[in-house]
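Structure assessment
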Amino acid sequence: RILGIEESQNFISWSPSGTQFCVHDMHQFSKDILPQYFKHNNWPSFVRQLNMYGFHKVGEVSGSHSRALIRHDSNVVYKFRHPDFQRNRQDLLHRIRRK
């Protein structure tokens, strides 16, 4: 749902391929979007929940930074993927299960 709402597009969006989602402004996403869908606004908790459901961080490795960190216009973009989480493929969502 979050990815389909126009108001959240400044904070979270699909990658051009539709096989990953990108969080563009982690601080604003945590403050404004997370509380609307979760019982918290804690970024690390959100990432832990993604990991529990089989999502993985993706991106370039930069030193000791997480592989999910991509530099874009001096902002950090976090990218996540799951093989069964794809744009316009709601038929795959039932395969996403908690580990």
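Residues numbered from 1 in each chain as written. Predicted model: local features only at pLDDT ≥ 70, side-chain atom pairs only at ≥ 80, totals over all residues. Heavy atoms only, no water.

Naming follows an unreviewed UniProt entry, where the chain appears as Heat shock factor-type transcription factor of Phycomyces blakesleeanus. Under the UniProt heading Sequence similarities (unreviewed entry), the entry covering the chain gives this text: "Belongs to the HSF family." Turning to the chain, the UniProt annotation filed under Subcellular location (unreviewed entry) states: "Nucleus". (UniProt positions renumbered as here; feature names shortened; annotations may be inferred.)

Looking at the secondary structure, you find Q20 in strand β2 (residues 20-23). Setting aside residues no more than four positions away along its own chain, Q20 makes contact with S13, W14, S15, V58, K79, F80 and R81. (Helix = DSSP H or I, 4+ residues; strand = E, 2+ residues; numbered from the N terminus. Contact = heavy atoms within 4.5 Å.)

What follows is about the packing of aromatic side chains. Evaluated as defined, the whole model comprises 11 aromatic pairs. Measuring from centroid to centroid gives 6.1 Å for F29 and W43, while their planes differ by 85°, and the two rings are edge-to-face. On the criterion of sequence distance, the pair formed by F29 in helix α1 (residues 26-37) and W43 in helix α2 (residues 43-52) is long-range, its members being 14 residues apart. Judged by its relative accessible area of 10%, W43 is buried. Aromatic rings pair up to connect W14, F21, F29, F38, W43, F46, F55, Y78, F80 and F85 into one cluster. (Phe/Tyr/Trp six-rings, centres within 6.5 Å; stacked < 30°, edge-to-face > 60°. Buried < 20%, exposed > 50% of the residue type's maximum accessible area, 1.4 Å probe, protein only.)

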